[in-house]
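Structural overview for review
Spelled out, the chains give:
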Amino acid sequence: HAATGVVQTYDGLLTMRVIRAGGTESNPLMRPVAGHEGAMMGVKVAAAVATVIGAETLWRDNHRIAAIVASVVVNGGMAMIARHNAQVLARLEGR
């Protein structure tokens with residue numbers, strides 16, 4: 001579950017840096033909180049908690065493979081989004 005927290009935090013921090021560097025939030029669901037760092041991190045914490053609760057519920061209900069697959073898919077997807085944000089930030093900062 002630590003990976004979930006790490007990848008959500010990393011994505012949130014990168015997104016805030018992109019916005020400060022002049023970029024925009026591409027996700028229409030996140031746009032309303034994109035300019036508000038506290039709200040952005042609150043949404044990221046909520047997403048991490050929801051992912052962990054979902055995986056734990058699957059695990060507890062003996063859907064262990066599904067719990068692992070769900071965690072890997074969510075964390076992998078967020079890692080790809082964070083990587084994209086890092087690339088956008090590098091372009092905005094001229095690196």
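Residues numbered from 1 in each chain as written. Predicted model: local features only at pLDDT ≥ 70, side-chain atom pairs only at ≥ 80, totals over all residues. Heavy atoms only, no water.

A tally of helices and strands in the protein yields three helices and zero strands. Reading the protein from its N end, one meets helices and strands in the order α-α-α. Total accessible area computed for the protein in this model is approximately 5,900 Å², and 66% of it derives from carbon and sulfur atoms. Here the protein contributes 9 positive and 6 negative side-chain charges, whose respective centroids are spaced 5 Å apart. (Helix = DSSP H or I, 4+ residues; strand = E, 2+ residues; numbered from the N terminus. Areas by Shrake-Rupley, 256 points an atom, 1.4 Å probe, with all protein chains shown as cover. Lys, Arg positive; Asp, Glu negative; His and termini not counted. Charge placed at Lys NZ, Arg CZ, Asp CG, Glu CD.)

Here the largest pocket is characterised by a volume of approximately 370 Å³. Lining of the largest pocket is provided by 17 residues; of these, Asp11, Glu25, Asn27, Ile81 and Asn85 occupy positions nearest its centre. Those elements that provide at least two residues to the lining of the largest pocket are helix H1 (2-20), helix H2 (37-60) and helix H3 (64-92). Among the elements that line the lining of the largest pocket, the one with the most residues is H3, at five residues. Here the lining of the largest pocket is built from residues that sort into seven nonpolar, seven polar and three charged. (1 Å grid on protein atoms, 1.4 Å probe; cavity = no way out; pocket = protein on both sides within 12 Å on 5 of 7 lines; lining within 4 Å. Points joined across faces, edges and corners; volume = space filled by probe spheres on them. Nonpolar A, V, L, I, M, F, W, Y, C, P; charged D, E, K, R; others polar.)

Time to look at unusual backbone geometry. Of note, the phi angle at Asn62 is positive, near 65°, even though the residue is not glycine. Residue placement: Asn62 occurs in the loop between H2 and H3.

So, about the confidence of the model for the protein. Per-residue confidence for the protein gives a mean pLDDT of 94; residues scoring 70 or more make up 100%. Per-element confidence in the protein is highest for H3, whose mean pLDDT is 96, and lowest for H1, whose mean pLDDT is 94. (pLDDT = per-residue confidence, 0-100.)

On to H3. For H3, spanning 29 residues, the distance from its first C-alpha to its last is 42 Å, which sits close to the expected 42 Å at 1.5 Å a residue. Buried residues along H3 sit against H1 and H2. (Expected span 1.5 Å × (residues − 1). Contact = heavy atoms within 4.5 Å.)

Turning next to the packing of H2 against H3. Their axes nearest at 7 Å, the elements H2 and H3 cross at an angle of 160°. The pairing of H2 with H3 is recorded here as roughly antiparallel in orientation. Crossing hand, H2 versus H3: left-handed. Two secondary-structure elements touch here, H2 through Lys44, Thr51, Ala55, Leu58 and Trp59 and H3 through Arg64, Ala66, Ala67, Ile68, Ala70, Ser71, Val74 and Met78. (Axes fitted to C-alpha atoms, helices over the stretch in contact; angles between N-to-C directions. Parallel < 35°, antiparallel > 145°, perpendicular 65-115°, else oblique. Left-handed = near helix turned anticlockwise from the far one by under 90°.)

Together, Val45, Val49 and Ile53 make up an exposed nonpolar region whose accessible area comes to about 260 Å². Positionally, Ile53 belongs in helix H2. (Patch = residues over 30% accessible without salt bridge, like charges linked within 9 Å, V, L, I, M, F, W, Y side chains within 5 Å. Salt bridge = Lys/Arg side-chain N within 4 Å of Asp/Glu carboxyl O.)

Relative to the elements of secondary structure, Ala46 occurs in helix H2. Linking Ala46 and Gln8, residues 38 residues apart in sequence, is a C-alpha distance of 9.6 Å.

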